[in-house]
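Analysis of the macromolecular model
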Amino acid sequence: QVHLVESGGGLVQAGGSLRLSCAASARTFSLYALAWFRQAPGKEREFVAANSRSGSNTYYADSVKGRFTISGDNGKNTLYLQMNSLKPEDTAVYYCASGLRFGTYYSSDYPYWGQGTQVTVSS
């Protein structure tokens, strides 16, 4: 069973930074693709960032491009999302997700999800 645990969320002022972590098992980290999504109250879940299978390419939603960076630590089996220049519009529950396709931005391609971590950006 795929097990994902997000952490690192919290309350931050606009312009601040946070780093989210997604801890996975060694098997999950090596076998499955991983990506970040978010869901704000009253809105549908939206894609945030993902890596290609090789790790040489990254994919970002237009709304976060230039501000967020996705990366991974193979030794710790952990996926990271570095979030800089945060805006109130970034307020949402952030989820890491895994699936068999790499570099896709469709939520339907990620059948496994963590419980999420809350990010709140004040103005």
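Everything below is about the structure shown above.
1. Structural notes on the overall build of the protein
Scanning the protein for helices and strands turns up one helix and eleven strands. In the protein, the succession of helices and strands from N to C terminus is β-β-β-α-β-β-β-β-β-β-β-β. In terms of overall dimensions, the protein has C-alpha extents of about 40 × 30 × 25 Å along its principal axes. Of all 123 residues assigned to the protein, the portion counted as buried reaches 44%. The contacts of the protein with a sequence gap of at least 6 include a subset with a gap of at least 24, amounting to 60%. Here the protein contributes 11 positive and 8 negative side-chain charges, whose respective centroids are spaced 5 Å apart.

2. Some words on the packing of aromatic side chains
For any pair of aromatic rings, geometry is given as the distance between the ring centres together with the angle between the planes. Applying the stated criterion to the full structure yields seven aromatic pairs. Three or more aromatic residues link up through ring pairs in this structure, and these residues are Phe-37, Phe-47, Tyr-95, Tyr-105, Tyr-106, Tyr-110 and Trp-113. Here Arg-45 stacks its cationic end above the ring of Trp-113, 3.9 Å away from the centre of that ring.

3. Focus on the environment of Asn-57
For Asn-57, the position within the fold is in the loop between β5 (46-51) and β6 (58-60). Taking C-alpha positions, Asn-57 is 8.2 Å from Gly-103, a pair spaced 46 residues apart along the chain.

4. Some remarks on the environment of Gln-82
Tracing the backbone shows Gln-82 in strand β8 (residues 78-83). As for Gln-82 and Phe-68, which are separated by 14 residues in sequence, their C-alpha atoms are 5.5 Å apart. Discounting chain neighbours no more than four positions away, the residues touching Gln-82 are Ser-17, Leu-18, Arg-19, Arg-67, Phe-68 and Thr-69. A distance of 3.0 Å separates polar atoms of two side chains, one belonging to Gln-82 and the other to Asn-84.

5. Section: the pattern of salt bridges
Under the counting rule described, the total for this entry stands at five salt bridges. The partner of Arg-38 in a salt bridge is Glu-46, with the nearest N and O atoms 2.7 Å apart. Note on Arg-38: relative accessible area 4%, which makes it buried. Across the pair Lys-65 and Asp-62 runs a salt bridge, and its minimum N-O distance is 3.3 Å. Per residue, the accessibility class of Lys-65 equals that of Asp-62, and both read exposed.

6. Quick notes on the pairing of strand β7 (residues 68-73)
As judged from the six bridges shared by β7 and β8, these two strands associate in the antiparallel manner. Of the residues in β8, the one forming a bridge with Ile-70 is Leu-81. As consecutive antiparallel partners, β7 and β8 are separated by four residues, and within that stretch Asn-77 has a phi angle of approximately 50°, a positive value.

7. Quick look at unusual backbone geometry
Within the chain, Asn-77 stands out as a residue other than glycine whose phi angle is a positive 50°. When you line up the elements, Asn-77 lands in the loop between β7 and β8. A positive phi angle, near 50°, is found at Ser-85, a position not held by glycine. For Ser-85, the position within the fold is in the loop between β8 and β9 (92-99).

8. Some thoughts on the nonpolar core
Counting 34 residues, the largest nonpolar core has Trp-36, Val-48, Phe-68, Leu-81, Met-83 and Tyr-94 as the members making the most contacts within it. Broken down by secondary-structure element, the contributors of at least two residues to this core are β3 (18-24), β4 (33-39), β5, β7, β8, β9 and β11 (117-122).

The rules behind each value
For every chain, the first residue of its written sequence is number 1, and the numbers climb from 1 along that sequence. The model is predicted, so local features are restricted to residues of pLDDT at least 70 and side-chain atom pairs to those at 80 or more, both for listing and for counting; the totals for chains, interfaces and linings are taken over all residues. Each side-chain value is worked out from all heavy atoms of the structure, with water and hydrogens disregarded. Strands are runs of DSSP state E lasting at least 2 residues, helices are runs of H or I lasting at least 4, and numbering of each runs from the N terminus. Note on classification: 1.4 Å probe, protein chains only; a residue is buried when its accessible area is under 20% of the maximum for its type, exposed when over 50%, partly exposed between these limits. Residue contacts follow a heavy-atom distance rule, with two residues in contact if any of their heavy atoms lie within 4.5 Å. The convention is simple: Lys and Arg are positive, Asp and Glu are negative, and His and the chain ends are not counted. All charge positions are set by atom: Lys at NZ, Arg at CZ, Asp at CG, Glu at CD. In this scheme Phe, Tyr and Trp rings, the latter by its six-membered ring, pair at centre separations within 6.5 Å, and the angle between planes marks the pair as stacked below 30 degrees, edge-to-face above 60, and tilted otherwise. When the NZ atom of lysine or the CZ atom of arginine is within 6 Å of a ring's centre and also within 35 degrees of its normal, the charge is said to sit over that ring. Polar contact is the term for a pair of N or O atoms within 3.5 Å; when the atoms are in protein, one must be able to donate a hydrogen and the other to accept it, and sequence-neighboring residues count only if both atoms are side-chain atoms. Any carboxyl oxygen of Asp or Glu within 4 Å of a side-chain nitrogen of Lys or Arg constitutes a salt bridge here. Pairing between two strands is assigned when DSSP locates at least 2 bridges connecting them. Note on terminology: a nonpolar core comprises buried Ala, Val, Leu, Ile, Met, Phe, Trp, Tyr and Cys residues joined through side-chain atoms within 4.5 Å.

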